[in-house]
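Take a look at the letters that make up each chain.
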Amino acid sequence: MNKKIILGLVAYEDSADNIAYDMILALKNLYSDYVFEIYGIFGHKVRSLGYQEFANAEFLKIMGFIEPIKNLWKILSFRKRLYKFFLKKNINIFIGVDAPDFNLKLELLLKNQGIKTIHYVSPSIWAWRFKRIFYIQKACDLVLCLFPFEQKMYEKYNIQSHFVGHPLTKEIKKITSMTQLQCNKIHAREKLSLKQQDKIIAIMCGSRLKEIKYLTHIFLDTMCLILQEISVKFLLPITDNIIYNNILIIIKQHSQCDLLLNNLRFIMQDSLTAMQASDAILATSGTVTLEAMLLVKPLIVAYKLNSVIYFLLKKIVKIKYIALPNILAKKIVVKEFLQQDVTAKILSIELINILQKDMKISQFTELCKLNKQLEIKDKNLVANLIMHLIKK
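Treat the numbers as computed from the prediction; the structure is a model and nothing was measured. (Residues numbered from 1 in each chain as written. Predicted model: local features only at pLDDT ≥ 70, side-chain atom pairs only at ≥ 80, totals over all residues. Heavy atoms only, no water.)

Student: If you had to explain the environment of Ile136 to someone new, which residues and values would you point to?
Tutor: In this fold, Ile136 is placed in helix 6 (residues 132-139). Spatially, the C-alpha atoms of Ile136 and Leu108 are 8.3 Å apart, while their sequence positions differ by 28 residues. Excluding residues that lie within four positions of it along the chain, Ile136 makes contacts with Leu104, Pro123, Ile125, Val143, Tyr154 and Ile159. (Helix = DSSP H or I, 4+ residues; strand = E, 2+ residues; numbered from the N terminus. Contact = heavy atoms within 4.5 Å.)

Student: Outline the sheet that holds strand 4 (residues 116-120), supporting the account with residue identities and numerical values.
Tutor: Strand order in the open sheet formed by 6 strands is 2-1-3-4-5-6, and the pairing between neighbours is parallel. This sheet does not close on itself; its edge strands, each paired only once, are strand 2 (34-42) and strand 6 (161-163). In this sheet, neighbouring strand axes are inclined to one another by 20 degrees on average, regardless of whether the strands run parallel or antiparallel. As paired elements, strand 1 (residues 3-11) and strand 2 share 9 bridges and run parallel to each other. (Pairing = 2+ DSSP bridges. Axes fitted to C-alpha atoms, helices over the stretch in contact; angles between N-to-C directions.)

Student: Go over the packing of aromatic side chains with me, naming the residues and quoting the values.
Tutor: On inspection of all chains with the given rule, the structure shows 15 aromatic pairs. With a centroid separation of 6.3 Å and 75 degrees between ring planes, the pair formed by Tyr31 and Tyr34 is classed as edge-to-face. Across the pair, exposure class does not vary: Tyr31 and Tyr34 are buried alike. Pairing Phe78 with Phe102 gives two aromatic rings, centres 6.4 Å apart and planes at 45 degrees, and the pair type is tilted. Taken together, the residues Phe78 in helix 4 (residues 72-89) and Phe102 in helix 5 (residues 100-111) connect sequence positions 24 residues apart. Look at Phe102 and you get buried, because its relative accessible area is 3%. (Phe/Tyr/Trp six-rings, centres within 6.5 Å; stacked < 30°, edge-to-face > 60°. Buried < 20%, exposed > 50% of the residue type's maximum accessible area, 1.4 Å probe, protein only.)

Student: Which residues make up the layout of surface pockets, and what values do they have?
Tutor: As a volume, the second largest pocket reaches approximately 780 Å³. Mapped onto the lining of the second largest pocket, the elements with two or more residues apiece are helix 9 (178-191), strand 11 (299-303), helix 17 (344-355) and helix 18 (361-373). Taken together, the residues of the lining of the second largest pocket break down into 11 nonpolar, 6 polar and 11 charged. (1 Å grid on protein atoms, 1.4 Å probe; cavity = no way out; pocket = protein on both sides within 12 Å on 5 of 7 lines; lining within 4 Å. Points joined across faces, edges and corners; volume = space filled by probe spheres on them. Nonpolar A, V, L, I, M, F, W, Y, C, P; charged D, E, K, R; others polar.)

Student: Describe the pairing of strand 1, and please don't skip the residues or the numbers.
Tutor: Counting buried residues along strand 1, 7 of its 9 residues qualify, which places the element largely inside the surrounding structure. The sheet contact formed by strand 1 and strand 3 (residues 93-97) spans 4 bridges and is parallel. The partner of Leu7 across the bridge, within strand 3, is Ile93.

Student: Lay out the packing of helix 5 against helix 6 in plain terms, naming residues and giving numbers.
Tutor: Look at helix 5 against helix 6: their axes get within 8 Å of each other, and the N-to-C directions meet at 40 degrees. It follows that helix 5 is oblique to helix 6 by the angle criterion. At the point where helix 5 passes helix 6, the crossing takes the left-handed sense. Contacts between helix 5 and helix 6 involve Pro100, Leu104, Lys105, Glu107, Leu108 and Lys111 from the former and Arg132, Tyr135, Ile136, Gln137, Lys138 and Ala139 from the latter. Grouping the amino acids of the contact of helix 5 with helix 6 by side-chain chemistry returns 6 nonpolar, 1 polar and 5 charged. (Parallel < 35°, antiparallel > 145°, perpendicular 65-115°, else oblique. Left-handed = near helix turned anticlockwise from the far one by under 90°.)

Student: Describe the nonpolar core, and please don't skip the residues or the numbers.
Tutor: Residues Leu9, Met23 and Tyr120 are the most contacted members of the largest nonpolar core, which totals 84 residues. A per-element tally of this core places helix 19 (residues 381-391) first, with 8 residues. Excluding residues that lie within four positions of it along the chain, Tyr120 makes contacts with Ile19, Met23, Ile95, Gly96, Val97, Asp98, Leu144, Leu146, Val164 and Val382. Met223, Leu227, Leu260 and Leu282 belong to the second-largest nonpolar core, a separate cluster that totals 35 residues. (Core = buried A, V, L, I, M, F, W, Y, C linked by side-chain atoms within 4.5 Å.)

Next up, the structure:
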C-alpha cells in the first residue's frame, strides 16, 4: 500500500508555478511508492498534473506599493482562510515558493502548529529589509536558495538552507564557446525571419506598467539617436497585449513615431529568442539581466525611479549594484546606469560602442564563469531535501 504525503503549496506567480511543477515531478518520479496530495494555490502547470487549487488567486499578483495596501484586507482575509484550509487538510509540510510577503507569515502560523515549512526562493534580504532574516529564522525549517551567496548568509544565522541552483539554467542551454554563441544568434534570427547581416538591439522595457511608462520614452529617444548614427533594427519583446498597447501609445505620441515604427519589431512572448538574435541588449534591472548573462550577451542596464522613491530606497537598499551579473560578480561586469545617468545620449553612445566592437574574450569568459555558479548540480536535490525534512 502506498504511503501518503499531504503537501500544502503556495506558488501563484508564473515563475513559482514553473518551479513547483518541476519540484512535484521530481518528487513523484523519485518517490513513486508515495502518493502526494497537494493543496493550495498555484498556476496552470501544477494544475496540469491533476491538482485542484483552493481558489483563484490572480488578485495576489498585484505589484508595487499602493495596490497591495488598497487590497490589504482582501489579502489578509484570503490568507486566513487558506491557513484554516491547510489545518483542515492536516498537511505534513508546507512549501511557499517566492512571494515572501504572503508566504512568510503563513509559514510562521503553520510552523507554530507543528507543521514543517520550506521557503523556496530566498527573499532578497541581501538587497533590502535584511531584518527579515530573524522572521525567516522563526518561520522556516528550510530555505532553498537560487544564488550561492545566499546559503552562506543564512549559515551565519544558523538557518537551515541549501543552494539548489537557478531554474533559468535549465531553460537556457549552457554556452561554452564563441562559436556556439554565434550559432545561437544565427538560429534565433532564422526563427524570427531576421536578416543575418543586420545590426540588432533588443530593448527590454520591463514588465511593470509604471516601469514602462517611466523608462520607455527614454529608450525611444535612445533608439532615435542611434538611428541618426548607424543603421540598426530594434526588437521589443512583450509579454501580453496590455504591455503592447501601453508601449504603442507611447510610441505614437513620440515626435519620430514613423522612424521608430519602421525600424522596430514587437516580439510576443519570446524574449529569449529576441535576446539571442540581438547584438546588444538595453534592459531595466531584474530577471532579464540574469537571462542576458546566461545567454552571454552584451548588455547595458538602465533604471530610473521617481526621485522621492529613489531617495527613500537609497536609505534602505544595501547593495552596491542593481544588475544581477554585477551582484554575483561583486564588481562591474555589465555597465549599469541610474537616475540622472539614464539619458538617451549616454545610452546611445554605449550601445553604438558595443555594436562597433566584438565581445572581448575576457567578458565572455567572465559571464560563462558566473553562469557556472548558478548551475543545478543535482536535479534530484530539491526532492531529496523535501523528503529528508518530512522524515526527520
